[in-house]
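Commentary on secondary and tertiary structure
Single-letter residue listing:
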Amino acid sequence: MDVEFRIRRFDGEKSYWQTFNIPVKRGMTVLEGLYYIKENLDGSLTFRASCRMAICGSCAVKINGKPRLACETQILEIGNSLEVEPLDNFKVIKDLVTDFEGFFKKHEAVKPYLIRKDDNYEEPVELIQSPKELHAYYDFTLCVKCGACYSVCPAAATRDDYLGPAAITAAYRFNADSRDEGEKIRLALVCGDNGVWRCHFAAECSEVCPKQIDPAKAVQKIRFKSAIETIKSIFR
Amino acid sequence: MWQKWFSVKGKSLFSIAFSLHRLTGVVLTIYLCMHLAYLTSIRMGKEVFESFIATTVTPQFLIFDILLVLAGIYHGVNGLRLILHEFGLTYESRKSILYVSVAIVLIVWLIASYRMYTFVMGV
Ligand code: HEM
Ligand code: SF4
Ligand code: FES
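Residues numbered from 1 in each chain as written. Chains lettered and ligands numbered in written order. Predicted model: local features only at pLDDT ≥ 70, side-chain atom pairs only at ≥ 80, totals over all residues. Heavy atoms only, no water.

**What to know about the overall build of chain B**
Secondary structure assignment for chain B yields four helices and zero strands. Starting at the N terminus and ending at the C terminus, chain B contains elements arranged as α-α-α-α. Along the first, second and third principal axes, the C-alpha atoms of chain B reach 55 × 40 × 30 Å. The buried share of chain B, taken over its 123 residues, is 31%. Taking all contacts inside chain B whose residues are at least 6 apart in sequence as the whole, residues at least 24 apart take part in 64%. Looking at chain B as shown, the accessible area adds up to about 8,100 Å², and 77% of this sits on carbon and sulfur atoms. Counting 10 positive and 5 negative side-chain charges, chain B places the centres of these two groups 14 Å from one another. (Helix = DSSP H or I, 4+ residues; strand = E, 2+ residues; numbered from the N terminus. Buried < 20%, exposed > 50% of the residue type's maximum accessible area, 1.4 Å probe, protein only. Contact = heavy atoms within 4.5 Å. Areas by Shrake-Rupley, 256 points an atom, 1.4 Å probe, with all protein chains shown as cover. Lys, Arg positive; Asp, Glu negative; His and termini not counted. Charge placed at Lys NZ, Arg CZ, Asp CG, Glu CD.)

**A closer look at the packing of aromatic side chains**
Summed over the entire model, instances satisfying the criterion amount to 15 aromatic pairs over all chains. For the pair Phe 90 of chain A and Tyr 150 of chain A, a centre-to-centre distance of 5.2 Å together with 45° between the ring planes defines the contact as tilted. Taken as a pair, Phe 90 of chain A in the loop between strand 5 (81-85) and strand 6 (92-94) and Tyr 150 of chain A in helix 5 (residues 148-152) lie far apart in primary sequence, 60 residues in all. An angle of 80° between the planes, with centres 6.3 Å apart, marks the rings of Tyr 38 of chain B and Phe 49 of chain B as edge-to-face. Here Tyr 38 of chain B, found in helix 1 (residues 13-40), pairs with Phe 49 of chain B, found in helix 2 (residues 46-56); they are eleven residues apart in sequence, far enough to count as distant. Grouped by ring-pair contacts, the aromatic residues Phe 90, Phe 100, Phe 103, Phe 104 and Tyr 150 of chain A constitute a single cluster. (Phe/Tyr/Trp six-rings, centres within 6.5 Å; stacked < 30°, edge-to-face > 60°.)

**Describing the sheet that holds strand 4 (residues 66-69) of chain A**
Residue and element names in this part refer to chain A. One open sheet holds the five strands; their spatial order is 2-1-5-3-4, and the pairing between them is mixed. Only two strands of the sheet have a single partner each, and these edge strands are strand 2 (15-23) and strand 4. Going across the sheet, the axis of each strand differs from the next one's by a mean of 35°, ignoring polarity. Bridge count between strand 1 (residues 2-10) and strand 2: nine bridges; the pairing is antiparallel. Across the sheet, the residue bridging to Arg 9 is Tyr 16, located in strand 2. (Pairing = 2+ DSSP bridges. Axes fitted to C-alpha atoms, helices over the stretch in contact; angles between N-to-C directions.)

**Describing the pattern of salt bridges**
Side chains that differ in sign of charge can pair as their charged atoms come close. For the structure shown, the criterion picks out 25 salt bridges over all chains. The salt bridge partner of Asp 161 of chain A is Arg 159 of chain A, with a shortest N-O separation of 2.8 Å. For Arg 159 of chain A, a relative accessible area of 22% gives the class partly exposed. Among the salt bridges present, the one from Glu 92 of chain B reaches Lys 217 of chain A, with a minimum N-O distance of 2.6 Å. With Glu 92 of chain B in the loop between helix 3 (59-86) and helix 4 (94-121) and Lys 217 of chain A in helix 10 (residues 215-235), this residue pair bridges two chains. Since its relative accessible area comes to 56%, Glu 92 of chain B is described here as exposed. (Salt bridge = Lys/Arg side-chain N within 4 Å of Asp/Glu carboxyl O.)

**Comments concerning the coordination of the iron atom of ligand 1**
One donor from the polypeptide reaches the iron atom of ligand 1: His 75 of chain B (NE2), at 2.0 Å. Among the secondary structure elements, His 75 of chain B is positioned in helix 3. (Donors = N, O, S within 2.8 Å, 3.2 Å for Na, K, Ca; no water.)

**Details of the domain arrangement of chain A**
By a widely used convention, the size of an interface equals the accessible area lost when the partners come together. All names here are of chain A. What the domain assignment reports for chain A is domain 1 (2-98) and domain 2 (101-235). Look at where the C-alpha atoms of domain 1 and domain 2 centre, and you get two points 30 Å apart. Counting residues at the interface gives twelve residues for domain 1 and 15 residues for domain 2. For the pair domain 1 and domain 2, the summed buried surface comes to about 1,000 Å²; carbon and sulfur atoms form 60% of the total. Considering only the side of domain 1, the residues that lose the most area to domain 2 are Pro 67, Asn 89 and Phe 90, jointly responsible for 49% of the buried surface there. Applying the counting criterion to the domain 1 and domain 2 interface returns zero salt bridges. Here domain 1 and domain 2 share four residue pairs in polar contact (both at pLDDT 80 or more) between them. Grouping the amino acids of the side of domain 1 that touches domain 2 by side-chain chemistry returns eight nonpolar, two polar and two charged. (Domains from an automatic or database assignment. Buried area = accessible area lost by both parts, 1.4 Å probe. Polar contact = N/O pair within 3.5 Å; in protein donor to acceptor, adjacent residues only side chain to side chain. Nonpolar A, V, L, I, M, F, W, Y, C, P; charged D, E, K, R; others polar.)

**Re helix 8 (residues 183-190) of chain A**
Residues and elements named next belong to chain A. Those residues of helix 8 that sit buried are Arg 186, Leu 187 and Val 190. When helix 8 is viewed along its axis, its buried side chains cluster within an angular range of 105° and face the same direction. Turned more than 90 degrees off the buried face of helix 8, the exposed positions are Lys 184 and Ala 188. The inward-facing, buried residues of helix 8 contact helix 7 (164-175) and helix 10. (Arc of directions from axis to C-beta.)

**Description of the site of ligand 2**
Looking at ligand 2, there are 13 residues lining it, with Cys 143, Cys 146, Gly 147, Cys 149 and Cys 209 of chain A nearest. Looking at the shell around ligand 2 residue by residue, the classes come out as ten nonpolar, one polar and two charged. (Near = heavy atom within 4 Å.)

**Some points on the site of ligand 1**
Around ligand 1, the surrounding shell holds 13 residues, and the nearest of these are His 200 of chain A together with His 21, Arg 22, His 75 and Glu 86 of chain B. In this structure ligand 1 sits where residues from chains A and B come together. Within the contact set of ligand 1, an oxygen atom lies 2.5 Å away from a side-chain nitrogen or oxygen of His 200 of chain A. His 75 of chain B places a polar side-chain atom, nitrogen or oxygen, 2.7 Å from a nitrogen atom of ligand 1.

Structural data, given as structure tokens:
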């Protein structure tokens, strides 16, 4: 069966649509379709991918208007004509490849690692955690940094410096970890002008996250904590 | 730039609710300014004010009033929904709460519109 791929391309100067018709077998993914085009029809088509199993987060693109991982989206589930575009809210470098530099910087900015007073790498100690404590944050560890959430966020659309759902979720993931002692530090980082208060609960991030980790929930939880801390600080 | 707040292609109902909230917020702010200017006209005398009332409380203006009330009710009810969620509460039920909010908006709006219709038409 032949399927039409309409791809929004960008060559560094101008953006244009190009159409390819490719033979599709049952089970074939959008990423395989892109590889087919690159190998057989147009070697200049540029896209990013690595693991092909929805774990590295490299291949997120807009497919028929919705951000998805190209490697876990089957072509025939979408239909027999597809529109593939780069993610919104990111600068396009070439074709489907967008600039993730700022996105990763924001992730780094929230200190996404355990902060402890007794850090001792020479003589590490095991940190015990109960299953209940694990599940308080486990879902949020599943983020693959694909940027789908950021690409649909209306706050990120008009503020380049907004930390965005993924970074704030990473902050929440560590704040909710019973082994961590850095909550105060991270709260100060995500509650500033470019943080949680920019969120207007459009909640689209949770709708598009391919890992269904509910970034919107993490943002609201941390926002509530931030409100409490601010009120407390008035009486201190 | 700001147009992106209102791009709803491919988005879920939650994003549409956000766009409408922003739109109605701006509409209400503009209306509030107009409304205050309108009320201030009483300082130019009772006649001026009453001539304003005579032009706006009319069947021709009814449609605008009905739309304004829709904007106000939507903004208010959706605003309460947002406050609830933004406190980190009831996140899991967000879909049903959105549907219930829309239903409340429509019911209150229909009742209000009927009331305004009978008042202006004098039936
Ligand atoms: C029932 C009364 C009202 C409630 C419960 C309410 C609630 C809210 C809430 C919760 C927000 C923030 C939403 C967010 O997180 O983005 C908001 C935004 C806003 N409201 Fe209201 N509001 C009310 C009445 C009004 C009135 C009378 C006006 C106009 C004078 C107004 C104008 C605005 C504007 C301009 C915004 C900013 C819109 C945005 O950021 O998207 N609101 N409202
Ligand atoms: S939170 Fe979800 S959508 Fe956002 S980067 Fe992580 S996996 Fe992707
Ligand atoms: S290629 Fe790694 S997530 Fe798709």
